[in-house]
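Working through the structure, step by step
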Amino acid sequence: MLKHAQKFQIIFLKYKRLPLDSRYNTFLNNLIIRFKSDEKKKKDDIVFYKYEDIPISNIRNFSIIAHVDHGKSTLADRLLEITGTLNLEPDRKQVLDRLQVERERGITVKAVTASLQYISKKNKQIYLLNLVDTPGHVDFSNEVIRSLTACQSVILLVDAKEGVQAQTFANFYLAFVNNLIIIPVLNKVDLKNANTQMVGKQLSNLFEIEEKDILKISAKLGTGIIELLERIVSIAPAPPSERNAPLKALLFDSWFEKYRGVIILLYIQDGEIKKGDIICSHHTGASYTVNNVGIVRPNEYETDVLKGGQIGYVTCNMQSVKEARIGDTFYHKGHFVEPFPGFKPLRPMVFSGIYPIESSQYVALRSAIDKLTLTDSAVTLATETSPALGHGWRLGFLGLLHLEVFNQRLDQEYGAQTIMTAPSVTYKVRIIGEKNIKKYRTDELEISNPVHLPDVKIIKEMLEPTITGTIIAPFSDPVCFLAEYLSKIVSLCAERRGEEKSVSFLDESRVIIQYILPLNEIVIDFHDKLKNISSGFASFDYENNGYVISDLVKIDLLLNGEVVEELCSIVHRSKARKFGHELCEKLTEIIPRKQFKIAIQAAIGTKIIARENIKPYRKDVTQNLYGGDATRRYKLLHRQAEGKRKMRMIGKVEIPRDAFIKLLKT
Ligand SMILES: Nc1nc2c(ncn2[C@@H]2O[C@H](COP(=O)(O)OP(=O)(O)OP(=O)(O)O)[C@@H](O)[C@H]2O)c(=O)[nH]1
């Protein structure tokens, strides 16, 4: 008995860092592990109850949604820690943010799920809480959408100091239209300047949430977490599942592991799935044999079966993550079920060419890109060749951050150094003429590389993607704000061809501005400029607003009359001249001088809209003449001019590789 008592004391001391109530819960859980469970134990990963024994009525599938940095990952870690799911190593922060870039940048790119067991303090029943950690950045809102489909409730997490931000807004409406139960929570209440009253008011004004329903927690210190768990258990609904019905499962995430292949994450709506089952994809019709099933906590834990209401992983003979379509419905072979509605395939929004810095690195870069695209199914890939940069690829991304993260992962995880061309978006081009429509097999082309734009003569009209941008800007001095700050934001949006939708006050220190903007105007530096204007305080979020007809033109860049394909762009006609001049000017600084004159021209079709010259080197051919006849002098100069003219005709201007890199970086 004494031995046991000592053991408990040690366990209890281990959780000393946690507040008393959570220490109690973790302690209680550990007691159950030791005396009730007949499950096998893993080294640092302990199971209390058999997952499949927990009834549907005691399952809660929920997600945490919030603006970037409001503390989702910290809260998720705390939930894991307090429920005793995973004993965190002291120096390992944020278990759920797995990628190195995520840890460095403090953002979540890939959502990770974890199943927790919690014994309610009120009714002493065991609950299975399936937590889906979601990313906060706009680029990854697809991950939010897909994870919400598997949930019945969400924790709307808001920083008690920063208050409601653009992403909070977007996320709230996502949860709202999906009919999910919303549990409002203010985080970071431990901060000195946390203003729980004001932020509480914001929530009630904006989302009609009653202030008394708002929980106040500190994810960092672990305070209020037990109350939050109790709230989830008491108000979040159990999944509407039928375990006796045929299998109906939703695929909402997938990843690739070197030795195990593709691992898919399923929400089992009805029925059950186990090793040896043959399952079929609704989307492709392909069938697969299940090798393993299990729970993610967040490390994988193999179980015998996944039952209705649960979320878990499945490995099968799937070859590539491209086969694992997010939103696909799976069923048992021969037992067809109606698929889950309303899922759209991921669509890349931003494209960029990627090339190796040295052409000798091509093979290594190809293998790195292949491996990375295996783990990131949202990236689209096509090969591309450029006369200046050699062989490379054109990649499609969900947004600019996605592009940056991909590039950073190439560098960090595979040591691959790359050149990236300026990002562009996908335009739609409507063409005329039956012959042309037959040739292209469609009357509406999708163009993501300006080089592929068809002849202007056959273009009926062009369309560009637009977004609805929401900016939330805080201010302390209303007079200064209205005079300077607001006008700067408005003129930034106007300069980017924005169309004002609304400007209104959220409260006495915050304004919400909504604009419809063309996507290509925000892909390059809109976010940075906005942060500059607002000293980093304004937040920005966007959602797609569809394609609109636009007066777009293709600008060709010519060097001594020859088009440089890498530098062609599609821009709005109103900006074409300025764009052309700036590009030509930039090139004069970058292209080295030659023996002959170099003409840099920007053109729309055959019309030149901007021109710069690079002067040639001058050699004094008359230096050896001492006086004498003037005609000799003229003859020499004439011969030199003739030689240069010929050189210009036959001499090709090449943009050196490093000059290209310089240009792309400016
Ligand atoms: N003081 C205090 N800081 C907190 C609290 N919760 C989180 N933080 C800090 O806030 C920062 C952001 O926390 P994260 O958990 O990474 O935020 P996130 O919402 O997951 O961010 P994304 O992954 O980018 O969406 C980190 O520096 C945390 O340490 C809290 O309760 N109190």
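Residues numbered from 1 in each chain as written. Predicted model: local features only at pLDDT ≥ 70, side-chain atom pairs only at ≥ 80, totals over all residues. Heavy atoms only, no water.

The next point concerns the overall build of the protein chain. Per the secondary structure count, the protein chain includes 17 helices and 31 strands. Looking at the protein chain as a whole, 53% of its 666 residues are labelled buried. Excluding contacts between residues fewer than 6 apart, the proportion of contacts in the protein chain whose partners are at least 24 apart in sequence is 70%. Of the roughly 32,100 Å² that the protein chain leaves accessible, carbon and sulfur atoms contribute 51%. (Helix = DSSP H or I, 4+ residues; strand = E, 2+ residues; numbered from the N terminus. Buried < 20%, exposed > 50% of the residue type's maximum accessible area, 1.4 Å probe, protein only. Contact = heavy atoms within 4.5 Å. Areas by Shrake-Rupley, 256 points an atom, 1.4 Å probe, with all protein chains shown as cover.)

Here the focus is the environment of Met-318. Positionally, Met-318 belongs in the loop between β14 (311-316) and β15 (329-332). Sequence separation between Met-318 and Ser-287 is 31 residues, and the spatial gap between their C-alpha atoms is 9.1 Å. Apart from residues lying up to four places away in sequence, Met-318 is in contact with Val-262, Ile-264, Tyr-288, Glu-323, Ala-324 and Phe-330.

So, about the pattern of salt bridges. Per the counting criterion, the structure on display carries 17 salt bridges. A salt bridge links Arg-497 to Glu-464, with the shortest nitrogen-to-oxygen separation between them at 2.8 Å. Placement of Arg-497 in the loop between α12 (478-495) and β24 (499-507) and of Glu-464 in strand β23 (residues 459-474) is noted, with a sequence separation of 33 residues between them. Residue Arg-497 is classed as buried on the basis of its relative accessible area, which comes to 19%. With relative accessibility at 2%, the residue Glu-464 sits in the buried group. Between Asp-551 and Arg-573 there is a salt bridge whose closest N-O contact spans 3.1 Å. Highlighted residues: Asp-551 in the loop between β26 (539-550) and β27 (552-559) and Arg-573 in helix α15 (residues 573-590), separated in sequence by 22 residues. (Salt bridge = Lys/Arg side-chain N within 4 Å of Asp/Glu carboxyl O.)

To continue, consider helix α10 (residues 400-414). For α10, with 15 residues, the first-to-last C-alpha span of 21 Å sits near the 21 Å given by 1.5 Å per residue. Looking at α10, one finds that the buried residues are Leu-401, His-402, Leu-403, Val-405, Phe-406, Gln-408, Arg-409 and Leu-410. Of the residues one or two after α10, Gly-415 is the one with positive phi, at around 60°. (Expected span 1.5 Å × (residues − 1).)

Turning to the nonpolar core, a few remarks are in order. If you look at the biggest cluster of nonpolar residues, it comprises 49 residues, and the most contacted ones within it are Leu-410, Ile-471 and Phe-526. Filtering out sequence-adjacent residues up to four positions away, Phe-526 remains in contact with Ile-471, Leu-492, Cys-493, Arg-496, Leu-517, Glu-521 and Phe-540. (Core = buried A, V, L, I, M, F, W, Y, C linked by side-chain atoms within 4.5 Å.)

Moving on, we come to the side chain of Glu-464. Of the polar contacts made by the side chain of Glu-464, one reaches the side chain of Ser-550; its length is 2.8 Å. What Glu-464 contacts, discounting residues up to four positions off in sequence, is Tyr-427, Arg-497, Pro-518, Asn-520, Gly-546, Tyr-547, Val-548, Ser-550 and Leu-552. (Polar contact = N/O pair within 3.5 Å; in protein donor to acceptor, adjacent residues only side chain to side chain.)

On to the confidence of the model for the protein chain, then. Per-chain confidence: the protein chain averages 79 in pLDDT, with 78% of residues scoring 70 or above. The secondary structure element of the protein chain with the lowest average pLDDT is helix α1 (residues 2-14), at 41, and the one with the highest is strand β5 (residues 181-187), at 95. Long-range and interchain partners of residues 88-97, a stretch whose pLDDT sits below 50, account for 31 contacts in this model, where long-range means more than four residues apart. Here the predicted complex carries an ipTM of 0.97, next to a pTM of 0.66. (pLDDT = per-residue confidence, 0-100.)

This paragraph deals with the environment of Glu-565. Within the fold, Glu-565 resides in the loop between β28 (562-563) and β29 (569-572). When the C-alpha atoms of Glu-565 and His-452 are compared, they prove to be 10.0 Å apart, with 113 residues separating the residues in sequence.

A word on the side chain of Ser-218. Along the chain, Ser-218 turns up in the loop between β6 (215-216) and α8 (225-235). Of the polar contacts made by the side chain of Ser-218, one reaches the backbone nitrogen of Leu-221; its length is 3.1 Å. Apart from residues lying up to four places away in sequence, Ser-218 is in contact with Asn-187, Lys-188, Val-189, Asp-190, Thr-223 and Ile-225.

Another aspect to go through is the packing of aromatic side chains. What the rule picks out here adds up to eight aromatic pairs. With a centroid separation of 5.2 Å and an interplanar angle of 75°, the aromatic rings of Tyr-331 and Phe-336 are classed as edge-to-face. For Tyr-331, a relative accessible area of 11% gives the class buried. Within the aromatic cluster, the residues linked to one another by ring pairs are Phe-172, Phe-176 and Phe-207. (Phe/Tyr/Trp six-rings, centres within 6.5 Å; stacked < 30°, edge-to-face > 60°.)

With that settled, consider unusual backbone geometry. The backbone phi angle of Lys-124 is positive, close to 60°, even though this residue is not glycine. Within the secondary structure layout, Lys-124 lies in the loop between β2 (113-119) and β3 (126-133). Using a relative accessible area of 53% as the deciding quantity, one classes Lys-124 as exposed. Although it is not a glycine, Arg-441 sits at a positive phi angle of roughly 60°. Along the chain, Arg-441 turns up in the loop between α11 (434-440) and β22 (444-447). By relative accessible area, which is 79% here, Arg-441 ends up exposed.

Together, Tyr-173, Phe-176 and Val-177 line one region of the surface with nonpolar side chains, adding up to about 320 Å² of accessible area. Look at Tyr-173 and you get partly exposed, because its relative accessible area is 37%. (Patch = residues over 30% accessible without salt bridge, like charges linked within 9 Å, V, L, I, M, F, W, Y side chains within 5 Å.)

Here β5 lies mainly inside the structure; six of its seven residues are buried. In this sheet, β5 lies alongside strand β4 (residues 153-159) in parallel orientation, the contact comprising seven bridges. By the bridge assignment for β5, Ile-155 is matched with Ile-183. As for the winding sense of the linkage, the β-α-β connection from β4 through helix α6 (residues 166-177) to β5 is right-handed. Where β5 lies against β6, two bridges are found, and the strand directions are parallel. Its bridge partner lying in β6, Val-185 is registered against Leu-215. Running through helix α7 (residues 196-207), the crossover from β5 to the neighbouring parallel element β6 is right-handed. (Pairing = 2+ DSSP bridges. Right-handed = clockwise from strand over helix to strand, strands pointing away.)

The contact between helix α3 (residues 72-82) and α8 brings their axes to 11 Å, and the two run at 85°. Looking at the two axes, α3 sits roughly perpendicular to α8. Contacts between α3 and α8 pair Leu-75, Arg-78, Leu-79 and Ile-82 from the former with Ile-225, Ile-226, Leu-228 and Leu-229 from the latter. Its residues assigned to classes, the contact of α3 with α8 shows seven nonpolar, no polar and one charged. (Axes fitted to C-alpha atoms, helices over the stretch in contact; angles between N-to-C directions. Parallel < 35°, antiparallel > 145°, perpendicular 65-115°, else oblique. Nonpolar A, V, L, I, M, F, W, Y, C, P; charged D, E, K, R; others polar.)

The subject of this paragraph is the environment of Lys-586. With respect to the helices and strands, the residue Lys-586 is situated in helix α15. Looking at Lys-586, the relative accessible area reads 31%, which means it is partly exposed. Sequence separation of Lys-586 and Glu-612 is 26 residues, and the distance between their C-alpha atoms is 9.8 Å.

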